[in-house]
Amino acid sequence: MVRARRPVRTLGRPNPGGDHAHPHLAGLCAALTALFVLTACTAAPGGDRPAASSAATAAPPASPGPRAVQEPLPQDQNLLAWTGDPNDAGHVTAQTAGGVGGRVTLVRLVLHEQITWSNIWLGLAGIDPQAKLADCYLGVYDASGTLRAATADISPQLMTDPIAKPLPLAKPFTAAPGTYFIALLLNGAWATNGLTLKATGAGISVNAGLTPPNLRYSTILTGQTSLPARVDLTQQSTSTINTGWGSQWYAVS
């Protein structure tokens, strides 16, 4: 039996079967030709690079840069938090011993980040060299009314150097973000316009829009000789604050 020989293709010679032998090759050629024509039509004038669509070449909208901080920050003065810029604490608050003696004065402070709270800075504006002070303290209550830390008796520090001064807590504590109340307790006898604290000029406006237990400045309890372990913040009062004992300046470090 004699086997039929397959036709031999020679380079440069046409395929004996013509285009009918390879229909896919003809389709591929047609597609490449169409693609070449389309690319030529979209080429940028004067160059051989295709022009990108306007949507692709449009510059993305500029993202806003960091917001400029207009007001000073506590960190600018090596502090962690404060009730306000000390540059604005130009006013002075003074009260009689009968007005605030034995009362716990509360000043609200909101922390936006966790800190280790070691000191309370008091803006002492004036002293009374003849004052008789005892059982005077600073402390920190959290939003539940729990005492988190307190100083030792600060009576000696209230008799000297009328400046902003750090008063150390007996034991520093980790303060998570949230609302806290700096507590001041004064006891003894002093001249009304002698022992004074730095404050803003807000006066009775300090609690605008606020009610207990979230008053910014308030007093609570009477007849205290030490800071109680817990206070009921719903009992905050403004009666003494509204007589001029308000907006004391404090800071934290």
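Cut-off values and rules
Sequence order sets the numbering: in each chain, residues are counted from 1 along the sequence as written. Local features in a predicted model are, by the rule used here, given only for residues with pLDDT of at least 70; side-chain atom pairs are given and counted only at 80 or more, and totals for whole chains, interfaces and linings are based on all residues. For side-chain calculations, the full set of non-hydrogen atoms in the structure is used, while hydrogens and water are omitted. Pairing between strands is defined by DSSP: at least two bridges between them are needed. Counting from the N terminus, the helices are the DSSP runs of H or I reaching at least four residues and the strands are the DSSP runs of E reaching at least two. Confidence of the prediction at every residue is given by pLDDT, a number between 0 and 100. Throughout, a residue-residue contact means that at least one pair of heavy atoms, one from each residue, lies within 4.5 Å. Relative accessibility decides the category of a residue: with a 1.4 Å probe and only protein chains considered, values under 20% of the type maximum give buried, values over 50% give exposed, and everything between is partly exposed. Every axis in this analysis is a line fitted to C-alpha atoms, fitted for helices over the stretch in contact. Angles between the N-to-C directions lie between 0 and 180 degrees.

### Examining the pairing of strand 11 (residues 196-199)
Inference 1: Judged from the three bridges that link them, strand 2 (residues 91-93) and strand 11 form a sheet pairing that is antiparallel. The residue bridging histidine 91 from the neighbouring strand is alanine 199, located in strand 11.

### Structural notes on the confidence of the model for the protein chain
Inference 1: Averaged over all residues, the pLDDT of the protein chain is 83; the fraction at 70 or higher stands at 73%.
Inference 2: The low-confidence segment residues 1-23, where pLDDT is below 50, has four contacts with residues more than four positions distant or belonging to other chains.
Inference 3: Contacts of residues 36-57 to residues separated by more than four positions or lying in other chains number nine contacts, the stretch itself having pLDDT below 50.

### Quick word on unusual backbone geometry
Inference 1: Cis geometry is found at the peptide bond from proline 212 to proline 213, where omega equals 10°.
Inference 2: Structurally, proline 213 is set in the loop between strand 11 and strand 12 (217-220).
Inference 3: You will see that aspartate 135, though not glycine, has its phi angle at about 55°, which is positive.
Inference 4: Structurally, the position occupied by aspartate 135 is in the loop between strand 5 (132-133) and strand 6 (137-142).
Inference 5: On the basis of relative accessible area, aspartate 135 is assigned to the partly exposed category, the value being 29%.
Inference 6: Despite not being glycine, aspartate 161 has its phi angle at roughly 50°, a positive value.
Inference 7: For aspartate 161, the location among the structural elements is in the loop between strand 7 (147-150) and strand 8 (164-175).

### Considering the environment of leucine 124
Inference 1: Note that leucine 124 resides in strand 4 (residues 115-126).
Inference 2: By relative accessible area, which is 2% here, leucine 124 ends up buried.
Inference 3: Each C-alpha atom, one on leucine 124 and one on leucine 158, is 7.4 Å from the other, the two residues being 34 residues apart in sequence.
Inference 4: Residues in contact with leucine 124, not counting those within four places in the same chain, are Gln157, Leu158, Thr160, Asp161, Pro162, Ile163, Lys165, Leu195, Thr196, Leu197 and Lys198.

### Digging into the sheet that holds strand 3 (residues 104-111)
Inference 1: Judged by pairing direction, the sheet is antiparallel, and its five strands sit side by side in the order 7-6-9-3-12 without closing on themselves. Looking along the sheet, the strands with just one partner apiece sit at the ends: strand 7 and strand 12. Sheet twist, expressed as the average angle between the axes of neighbouring strands with direction ignored, equals 30°.
Inference 2: Where strand 6 meets strand 9 (residues 178-185), six bridges bridge the pair, whose relative direction is antiparallel.

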